[in-house]
Amino acid sequence: MIELSGRTALITGASGGIGAAAAYAFAEAGANVVLAARSLKKTEAIAKEIGETARAVQCDVSNENDVISAVTTAVDQFGGLDILINNAGVIEPIDRLEIVDSVSWGTLIDINVKGVFYGIKAALPVMKSAGGGTIISIGSGAARSALEAWSAYCASKAAVHHLHAVLHKEEGENGIRSLVNSPGTVATNMQGAIRTSGINPVSQIPWENHIPPEWVAKTLVWMCGPDADAYLGEVVALRGDELRNVIGV
């Protein structure tokens, strides 16, 4: 496990799934953690379990002011922000382009794309003033492989991948480590919505074939270390056994 003592990580979508697992993993690695999610009750419970090195904040990532406030909390409570994990995201609406609800489509973009953008924009001044930092977003194979009824999700994850490529080009020389984690299918509540839809091959994947969120969390911690520097500006895909063996999952 990489040693992150003295560093502070802000994790969005931290009320469950990958985000909650990441909160525990970063805390175990020695980092201070700020748990951001719409459900304050759930993040407060997790923060209480972790202890004094954790704080919970209510944050809707589609609201820029909420994201700025979460970054401010990290600075006020722990003196800075070293790591940002843009994990918050949704899969619905799952529907064909011809009939998908336009408002729901736009809401997904607000969360999955604008939420990542707001996080990057709020974190950059703090990180650059400290000499650098790591910004990681959760991507997806759906960014490159189109899936029926996932127009919003596919488009959003493609945007996330490109946002990070641009971030690397703009800020890599300023000490900003930009990476995307593409974990594959993960055993979280999102898979329930996918299975219920019954649309496209992903909905047919047996539950036992999805990887646990703890694998993704461990990978996110690993990505904050020098061994992941070869992936800066690119995507770490957690599908091959070779990389999984390196990370230890």
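From a predicted model like this one, the values you see are computed outputs, not experimental measurements.

Conventions used here
Residues numbered from 1 in each chain as written. Predicted model: local features only at pLDDT ≥ 70, side-chain atom pairs only at ≥ 80, totals over all residues. Heavy atoms only, no water. Pairing = 2+ DSSP bridges. Helix = DSSP H or I, 4+ residues; strand = E, 2+ residues; numbered from the N terminus. Core = buried A, V, L, I, M, F, W, Y, C linked by side-chain atoms within 4.5 Å. Buried < 20%, exposed > 50% of the residue type's maximum accessible area, 1.4 Å probe, protein only. Contact = heavy atoms within 4.5 Å. Axes fitted to C-alpha atoms, helices over the stretch in contact; angles between N-to-C directions. Salt bridge = Lys/Arg side-chain N within 4 Å of Asp/Glu carboxyl O. Expected span 1.5 Å × (residues − 1). Right-handed = clockwise from strand over helix to strand, strands pointing away. Lys, Arg positive; Asp, Glu negative; His and termini not counted. Parallel < 35°, antiparallel > 145°, perpendicular 65-115°, else oblique. Left-handed = near helix turned anticlockwise from the far one by under 90°. Nonpolar A, V, L, I, M, F, W, Y, C, P; charged D, E, K, R; others polar.

**Q** Is there a simple way to explain the pairing of strand β3 (residues 54-58) in this structure?
**A** For strand β2 (residues 32-37) and β3, the ladder comprises five bridges, and the chain directions are parallel. Bridge pairing in β3 places V34 opposite R55.

**Q** Even after reading the chapter, I still don't get the nonpolar core, so can you show me in this structure?
**A** Generally speaking, a soluble globular protein has its nonpolar side chains buried in company with each other. The biggest cluster of nonpolar side chains holds 37 residues, and the ones touching the most others in it are L4, I11, F26, L220 and M223. Secondary-structure elements contributing two or more residues to this core are β1 (8-12), α1 (17-28), β2, α2 (40-50), β4 (83-86), β5 (133-138), α7 (213-222) and α8 (241-247). Tallying contributions element by element places α1 first for this core, with seven residues. Apart from residues no more than four positions distant in its own chain, L220 is found in contact with I18, A22, F26, I85, I136, I138 and N181. V57, A70, A74 and I135 belong to the second largest nonpolar core, which has 26 residues in total.

**Q** Would you take a moment to explain α7 for this structure?
**A** Within an α-helix, residues lying three or four positions from one another point in the same direction, as the helix has 3.6 residues per turn. Burial runs high along α7: seven of the 10 residues are buried. If you check which residues of α7 are buried, you get P213, V216, A217, T219, L220, V221 and W222. Those residues of α7 hidden inside the fold are in contact with α1, β4, β5, β6 (176-182), β7 (235-237) and α8.

**Q** Just to check I follow, could you spell out the sheet that holds β7 for this structure?
**A** For sheets, the rule is that strands pair by backbone hydrogen bonds, running either parallel or antiparallel. Spatially, the seven strands line up as an open sheet ordered β3-β2-β1-β4-β5-β6-β7, and their pairing is parallel. A single partner strand is all that each edge strand has here, and the edge strands are β3 and β7. Shown here is a sheet whose adjacent strand axes are inclined to one another by a mean of 20 degrees, direction ignored. Pairing between β1 and β4: three bridges, direction parallel. When the sheet's bridge partners are listed, L10 is paired in β4 with L84. Each of β1, β2, β4 and β5 touches α1; the most contacted strand, β1, lies at about 170 degrees to it.

**Q** Which parts of the structure should I look at to understand the pattern of salt bridges?
**A** Pairing is possible between side chains that carry opposite charge, provided their charged atoms lie close to one another. A complete count under the given rule lists four salt bridges for this structure. With a closest N to O distance of 2.6 Å, R96 and E148 form a salt bridge. Within this pair, whereas R96 is found in the loop between β4 and α4 (102-129), its partner E148 is found in the loop between β5 and α5 (151-171), the two being separated by 52 residues in sequence. In this structure R96 comes out as partly exposed when scored by relative accessible area, which is 48%. Here D110 ties to K114 by a salt bridge, and the two come within 3.3 Å at their closest N and O atoms. With D110 and K114 both in helix α4 and four residues apart, the pair spans about one turn of that helix. Its relative accessible area of 37% is what places K114 among the partly exposed residues.

**Q** When you look at α1 in this model, what are you seeing that I'm missing?
**A** For α1, spanning 12 residues, the distance from its first C-alpha to its last is 17 Å, which sits close to the expected 16 Å at 1.5 Å a residue. Regarding α1, the residues found buried are I18, G19, A20, A21, A22, A23, A25 and F26. In this fold, the buried residues of α1 make contact with β1, β2, α2, β4, β5 and α7.

**Q** Teacher, can you tell me more about the pairing of β6 here?
**A** The side chains of a regular strand alternate, first on one face of the sheet and then on the other. Most of β6 sits out of view: seven of its seven residues are buried. Covered by surrounding structure in β6 are I176, S178, V180 and S182 together with R177, L179 and N181, the residues of both alternating faces. Sheet topology note: the β5/β6 ladder contains six bridges and is parallel. Paired with I136 across the two strands is L179, which belongs to β6. Crossover β5 to β6 through α5 is right-handed. Across three bridges, β6 lies against β7 in parallel orientation. Its bridge partner being in β7, N181 is matched across the sheet by V236.

**Q** It is not clear to me how the side chain of K157 should be interpreted in this structure. Could you clarify?
**A** Tracing the sequence through the fold places K157 in helix α5. Buried and without a salt bridge, K157 has D60 as its closest oppositely charged side chain, separated by 14 Å. Residues contacting K157, with those up to four places away along its chain left out, are N112, I138, G139, S140 and A143.

**Q** Honestly, the packing of α1 against α2 in this entry has me stumped. Any pointers?
**A** In helix packing, the relevant descriptors are the interaxial angle and the interaxial distance, both defined with respect to the helix axes. Where α1 contacts α2, the axes come no closer than 11 Å and their chain directions differ by 20 degrees. With respect to each other, α1 and α2 are oriented roughly parallel. Judged by the sense of rotation from one axis to the other, the crossing of α1 with α2 is right-handed. Residues A20, A23, Y24 and A27 of α1 touch α2, and the partners they reach there are I46, E49 and I50. Across the contact of α1 with α2, the residue classes tally to six nonpolar, no polar and one charged.

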